[in-house]
Amino acid sequence: MDSVQVTDMHTHLFAPEFGSLLLCGADELLTFHYLISESFRVHRRPYADFWKLSKAEQSAQIWQALFVENSPLSEAASGVISVARRLGCNPADLSLQRLREALPSEPTLEYVQTMLDAAGVAEVVMTNDPFDPAERACWTDGFQWDARFLASLRLDAMMNHLEQVCPLLQADGYEVDGQLRGKSSTELRRFLAAWIERTHPVYMAFSVADDFVYPDNGIRGRILDEVVLPVCREYKLALALMVGARRQVNPKLQLAGDSVAYASVRPIEALCLHHPDNRFLVTMLSRENQHELIVAARKFHNLMIFGCWWFVNTDTLVEEITRMRLELLGPTFIAQHSDARVLEQLIYKWDRARSVLKRVLTDKYARLARDGWNVTRADVERDVDKLLRKNFWDFVRW
Ligand code: HDL
Ligand code: ZN
């Protein structure tokens, strides 16, 4: 488990060639939006006062709230301590200053390699938003980037807010309107084709809340049927559905303001049933959805469950979910993704993932051994490689 090289198939990291979009260093680590929202429960400052602070002042505020006035007991706060230890700090006398000294704020190529090696990550899949102005500026013609960072095309804006992105599409020369009239669907297919040629994504993705329905003769359902699913088939791309993210429940928390919603699994079943030639990577945000999603994966082999996403990426829930998955699916799912936003997070997120998986797999292999099954090292290495790498690649390349 400690030596397997993983494919981190969903992150918000960027290749070094994307410049400042690749976040690293102590202040980025501490102003991770999970820690921002946790810190408000301690300092209770007016939102505007906090947002006025510089990043360094924000991280000092967070350090004071979560690491001085309280013990860093949460998943994200304790992750900072794990990173500090792994990067040579002595957590017994850790300070914000020492953390800043230990973690550079500029990601040199060797630092990126050091972080990937320390986390045991072979390659990382980025989340590339063709509607994000900062990112679009990077994708110049002939743009080359580090091969360890693979692209994925994130389509939330198009799927959930088509009206709002029409001006940008029209400015790019695509005749698209918010009601999908005229040749809008053809033009959206042309738009996707252009971005596929530019980014060479390993999959396309979008997230939805609990309002997702399918079949759906509304705009989103029509974009799926007339644009996204045909393009996925044409380019042999899997489609990742990330279900249950209820956006901006508290807008004053900005990126930290999203929450969770229990969502129906039926639209996912319908997509898998009606589109057997499409492949669906699926993760759900609500703990209560996990069991029924696993059962759905038993019904449809073009459904591949991935990761323990965001609010279910905690020791307790990762263990519960991984046990359920193994017990109902065997080692035929993608055990984890990091969702890392800051380079150094790879270290604690993958340390945690490995230790939970070790606990769970040891139980399962021990029971097989007790029943006389011959558990060999080669078998364990094969199974672990599948859970953390090969199941992903076999599925997206299927
Ligand atoms: O929509 C997503 O991909 C989520 O992962 C959000 O980016 C969320 O803010 C996050 O970072 N979760 O870990
Ligand atoms: Zn994410």
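Preceding this section is the structure that the text describes.
Residues numbered from 1 in each chain as written. Chains lettered and ligands numbered in written order. Predicted model: local features only at pLDDT ≥ 70, side-chain atom pairs only at ≥ 80, totals over all residues. Heavy atoms only, no water.

Draft legend 1. Highlighting the overall build of the protein chain. When its secondary structure is counted, the protein chain shows 17 helices and 10 strands. Relative to its length of 398 residues, the protein chain is compact, with a C-alpha radius of gyration of 21 Å against a globular reference of 21 Å. Looking at the protein chain as a whole, 55% of its 398 residues are labelled buried. Excluding contacts between residues fewer than 6 apart, the proportion of contacts in the protein chain whose partners are at least 24 apart in sequence is 76%. (Helix = DSSP H or I, 4+ residues; strand = E, 2+ residues; numbered from the N terminus. Rg over C-alpha atoms; globule rule 2.2 N^0.38 Å. Buried < 20%, exposed > 50% of the residue type's maximum accessible area, 1.4 Å probe, protein only. Contact = heavy atoms within 4.5 Å.)

Draft legend 2. Local environment of the coordination of the zinc ion (ligand 2). Distances from the zinc ion (ligand 2) to its protein donors, H10 (NE2), H12 (NE2) and D339 (OD), fall within 2.0 to 2.1 Å. Read N to C, the donor residues that coordinate the zinc ion (ligand 2) are spaced as H-x1-H-x326-D. Each member of the pair H10 and H12 is classed as buried. (Donors = N, O, S within 2.8 Å, 3.2 Å for Na, K, Ca; no water.)

Draft legend 3. Geometry of the site of ligand 1. Contacts to ligand 1 come from H10, H12, H33, Y34, R154, M242, R247, W309, W310, D339 and R341. Measuring from an oxygen atom of ligand 1, one finds a side-chain N or O atom of W309 at 3.0 Å. Of the residues in the shell around ligand 1, the class split is four nonpolar, three polar and four charged. (Near = heavy atom within 4 Å. Polar contact = N/O pair within 3.5 Å; in protein donor to acceptor, adjacent residues only side chain to side chain. Nonpolar A, V, L, I, M, F, W, Y, C, P; charged D, E, K, R; others polar.)

Draft legend 4. Quick peek at the nonpolar core. Of all hydrophobic cores here, the largest spans 146 residues; its most connected members are M158, M204, V228 and L281. Examining the composition of this core, we find that 10 residues originate from one element, helix α16 (residues 345-370), more than from any other. (Core = buried A, V, L, I, M, F, W, Y, C linked by side-chain atoms within 4.5 Å.)

Draft legend 5. Quick look at the environment of F67. By the secondary structure assignment, F67 is in helix α4 (residues 55-68). Residue F67 is classed as buried on the basis of its relative accessible area of 12%. A C-alpha to C-alpha distance of 9.7 Å links F67 and L94, two positions 27 residues apart in sequence. Residues within four places of F67 in sequence aside, it is in contact with L30, I62, P72, A77, V80 and I81.

Draft legend 6. Region of interest: the sheet that holds strand β3 (residues 149-150). Across the sheet, which stays open at both edges, the three strands sit in the order β1-β2-β3 with parallel pairing between neighbours. Lying at the two open borders of the sheet, with one neighbouring strand each, are β1 (6-8) and β3. Summarising the sheet, β1 and strand β2 (residues 121-125) pair through three bridges and their orientation is parallel. Its bridge partner lying in β2, T7 is registered against E123. The sheet strands contacting helix α17 (residues 377-396) are β1, β2 and β3, and the helix crosses β1 at an angle near 60°. (Pairing = 2+ DSSP bridges. Axes fitted to C-alpha atoms, helices over the stretch in contact; angles between N-to-C directions.)

Draft legend 7. Spotlight on the sheet that holds strand β9 (residues 280-284). Taken together, five strands build an open sheet; the order of strands is β4-β5-β6-β9-β10 and the sheet is parallel. What marks the edges here is a single partner per strand, and that holds for β4 (153-154) and β10 (303-305). On top of the sheet, helix α13 (residues 266-274) reaches β6 (238-243), β9 and β10; it is set at about 175° to β9, its chief contact.

Draft legend 8. Up close: the pairing of β6. Taking burial as the measure, the six residues of β6 include six buried ones, the bulk of the element. Side chains of β6 alternate between two faces, with A238, A240 and M242 and L239, L241 and V243 buried alike. In this structure, strand β5 (residues 203-208) lies alongside β6, joined through six bridges in parallel fashion. Among the inter-strand pairings, V208 is bridged to a residue of β6, identified as V243. Between the parallel elements β5 and β6, the chain passes through helix α12 (residues 219-234) in a crossover that is right-handed. In the sheet, β6 pairs with β9 via five bridges, with the strands oriented parallel. (Right-handed = clockwise from strand over helix to strand, strands pointing away.)

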